[in-house]
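Observations on chain architecture
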Amino acid sequence: MNILVLCTGNSCRSQIAEGYLKHFAKDTATIYSAGVETHGVNPRAIAIMKEDGIDISKHTSNNLDEYLDIKFDHILTVCDNAKERCPFFPGKAERLHYNFFDPSKIDGTEEEIHAAFEKTRNEIKAYCKDFVETKILRPIS
């Protein structure tokens, strides 16, 4: 199963989602993340994930053009801009969208910035955990 997480710059929200999807899905899916642009992986995203025990320091910022030939089962857009600019991918990929707040847009004290990253990380973590449990692992009840 191939999953693409798409954001504007592939620097923060999609990187966090990729980290959690890999963590929760383990070997049951191949996770990719990309942006409609590339801005490099945000150091604050790396730091906030490290606080939760997940290392995304080796992630790279990729452009969605790199993945146009891959058949995806799911495409998750994590910001409105990416949803609007997401190209057509051949196949029957299920598209899901949730507009997470971009913590990199916060201009404030270190504490305010950290709190924004933590809030977005926790929201993405819950979303990814639910996604994996309902869409990938499909528990039988």
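Cut-offs applied
- Residues numbered from 1 in each chain as written.
- Predicted model: local features only at pLDDT ≥ 70, side-chain atom pairs only at ≥ 80, totals over all residues.
- Heavy atoms only, no water.
- Helix = DSSP H or I, 4+ residues; strand = E, 2+ residues; numbered from the N terminus.
- Rg over C-alpha atoms; globule rule 2.2 N^0.38 Å.
- Buried < 20%, exposed > 50% of the residue type's maximum accessible area, 1.4 Å probe, protein only.
- Contact = heavy atoms within 4.5 Å.
- Lys, Arg positive; Asp, Glu negative; His and termini not counted.
- Charge placed at Lys NZ, Arg CZ, Asp CG, Glu CD.
- Axes fitted to C-alpha atoms, helices over the stretch in contact; angles between N-to-C directions.
- Parallel < 35°, antiparallel > 145°, perpendicular 65-115°, else oblique.
- Left-handed = near helix turned anticlockwise from the far one by under 90°.
- Phe/Tyr/Trp six-rings, centres within 6.5 Å; stacked < 30°, edge-to-face > 60°.
- Core = buried A, V, L, I, M, F, W, Y, C linked by side-chain atoms within 4.5 Å.
- Salt bridge = Lys/Arg side-chain N within 4 Å of Asp/Glu carboxyl O.

1. Focus: the overall build of the chain
Scanning the chain for helices and strands turns up 4 helices and 4 strands. Radius of gyration (C-alpha) of the chain: 14 Å, near the 14 Å computed for a compact globule of 141 residues. Sorting the 141 residues of the chain into buried and exposed places 48% on the buried side. The contacts of the chain with a sequence gap of at least 6 include a subset with a gap of at least 24, amounting to 70%. Placing the 18 positive and 22 negative side-chain charges of the chain at their respective mean positions leaves the two points 5 Å apart.

2. A closer look at the packing of helix H1 (residues 13-25) against helix H4 (residues 110-136)
One way to put it is that H1 packs onto H4 with a least axis distance of 9 Å and a crossing angle of 45°. Between H1 and H4, the crossing angle belongs to the class labelled oblique. When you trace H1 past H4, the crossing you get is right-handed. Contacts between H1 and H4 involve Arg 13, Ile 16, Ala 17, Tyr 20, Leu 21, Phe 24 and Ala 25 from the first element and Thr 120, Arg 121, Ile 124, Lys 125, Cys 128, Lys 129, Phe 131, Val 132 and Ile 136 from the second.

3. Considerations on the packing of aromatic side chains
Summed over the entire model, instances satisfying the criterion amount to 6 aromatic pairs. Relative to Phe 24, the ring of Tyr 20 lies with its centre 6.0 Å away and its plane at 15°, an arrangement referred to as stacked. In this pair, Tyr 20 and Phe 24 both sit in helix H1, 4 residues apart, roughly one turn of the helix. Accessibility expressed as a relative area gives 18% for Phe 24, which makes it buried. Ring plane angle 85° and centroid distance 5.4 Å describe the contact between Phe 100 and Tyr 127, whose orientation is recorded as edge-to-face. Note that Phe 100 is positioned in the loop between strand E4 (94-97) and H4 and Tyr 127 in helix H4, a separation of 27 residues in sequence. Put simply, the rings of Tyr 32, Tyr 67 and Phe 72 pair up and form one aromatic cluster.

4. What to know about the side chain of Thr 8
Tracing the chain through its elements places Thr 8 in the loop between strand E1 (2-7) and H1. For Thr 8, the contacting residues outside a window of four places in its chain are Gly 35, Val 36, Glu 37, His 39, Cys 79, Asn 81 and Ala 82.

5. Details of the nonpolar core
One finds Ile 3, Ile 16, Tyr 20, Leu 21 and Phe 131 to be the most contacted residues of the largest nonpolar core, which totals 40 residues. Contributing elements (two or more residues each) for this core: E1, H1, strand E2 (30-35), helix H2 (43-51), strand E3 (74-77) and H4. Element by element, the count of residues in this core is highest for H4, at 7 residues. Contacts of Phe 131, omitting those with residues within four sequence positions, involve Ile 3, Leu 21, His 74, Leu 76, Leu 96 and Ile 136.

6. Considering the pattern of salt bridges
Taken as a whole and judged by the stated rule, the model has 8 salt bridges. Measuring nitrogen to oxygen at the nearest pair gives 2.7 Å for the salt bridge that ties Arg 44 to Glu 110. With Arg 44 in helix H2 and Glu 110 in helix H4, this residue pair connects regions lying 66 residues apart in the sequence. We note a salt bridge from Glu 123 to Lys 119, for which the minimum N-O separation is 2.7 Å. A residue pair is termed a helical-turn pair when its members lie 3 or 4 positions apart in one helix, as Glu 123 and Lys 119 do in helix H4 at 4 residues. A relative accessible area of 52% means that Lys 119 is categorised as exposed.

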